[in-house]
Amino acid sequence: MFLKTQLKKLKDYVNSIIEQPILTSSIVLGILSIVVLGLSLRYYLQDFDTFFSQVMAEAHGMLFDIAVIGILIFWLNKNGEMRLRIRMYRDEIDDFRLWESEEAAFRTVGNIKRLNRHNIYEMNLVNCYLSRTNLNYVNLAGSNLNSADISNAFLIETNLENTRLNQTNLENSNLNQALLKGAYASGANFKDAYLIKAQLENAFLIKTNFKNAFLMEANLTGCYLTGADFENASLYKADLRGAKGLTIEQLTKAKTLYLAQFDDEILNQIKTNIPELVGK
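Anyway, here's the lowdown on the structure attached to this text.

Thresholds applied
Residues numbered from 1 in each chain as written. Predicted model: local features only at pLDDT ≥ 70, side-chain atom pairs only at ≥ 80, totals over all residues. Heavy atoms only, no water. Helix = DSSP H or I, 4+ residues; strand = E, 2+ residues; numbered from the N terminus. Contact = heavy atoms within 4.5 Å. Buried < 20%, exposed > 50% of the residue type's maximum accessible area, 1.4 Å probe, protein only. Core = buried A, V, L, I, M, F, W, Y, C linked by side-chain atoms within 4.5 Å.

On the secondary structure map, Asn 144 appears in the loop between helix H4 (102-117) and helix H5 (248-251). Here Asn 144 is in contact with Met 123, Asn 124, Leu 125, Val 126 and Arg 164, once residues within four sequence places are set aside.

In structure tokens:
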């Protein structure tokens, strides 16, 4: 009974030491130092100079190893932390998807900007609620924003190059000087939106809604505009040369075409059928 009690006390004592990493490391270091120094004592006494030079050579090698391994571990640790943060930001965007609330919108935008700081631009924002948010100067090139709600938002000089905006709601948003080159925005809603000096070259704008939109000095060269609605849209100084699928019927509903640029065939039709729109 006495023996069992003593063994239990010893076990508890050992466990208490193991639970303290610094104390455990110190004890191990002390024991190894005694063993190594004890075994090396005769070399100290017999040929100290040779032994010391060998020790110093090993010490220099150890310092080099520590430096290389330390840098490697630091890089791996920082890289791992960055990857974890990026994954967390993406997961949070997924968590807020389809949640139509002000909190969801602003937290999603926060994650978008954090991803941008990590040079991540291609994001999955399908069905995300981003209404009334500030996305000015954000880079979303190559992202998927299909069916997202970005109405009443600010996207001044935002990079949306090659972005998917099919069926996206951008009603009453400010996209002045936004970059939309090669964007896929078929069926998108730009009603009442500001697209002054926006760059939309070669964008797919099939059946896109531009009712009451402000497209002054917008670059629409080479766009696909089949079925696009320009009712009451301002196309002052807009460039629509090379636009595909554009008809005179679409342009008759526009508010103004003054100083807008068109291919000769369309321009002649405008001057013949609706000269008042190019004269105002």
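Excluding glycine, residues mostly have negative phi values, and the peptide bonds linking residues are mostly trans. The phi angle at Asn 119 is positive, at roughly 60 degrees, despite the residue not being glycine. Tracing the chain through its elements places Asn 119 in the loop between H4 and H5. Within the chain, Lys 207 stands out as a residue other than glycine whose phi angle is a positive 55 degrees. In this fold, Lys 207 is placed in the loop between H4 and H5. Residue Lys 207 is classed as exposed on the basis of its relative accessible area of 64%.

With that out of the way, let us pick up the nonpolar core. The biggest cluster of nonpolar side chains holds 60 residues, and the ones touching the most others in it are Leu 175, Leu 180 and Leu 235. For this core, the secondary structure elements donating two or more residues are helix H3 (48-96), H4, H5 and helix H6 (264-273). Once residues within four sequence positions are removed from consideration, Leu 235 is found in contact with Leu 215, Leu 220, Phe 230, Leu 240, Leu 251, Ala 254, Thr 256, Leu 257, Tyr 258 and Ala 260.

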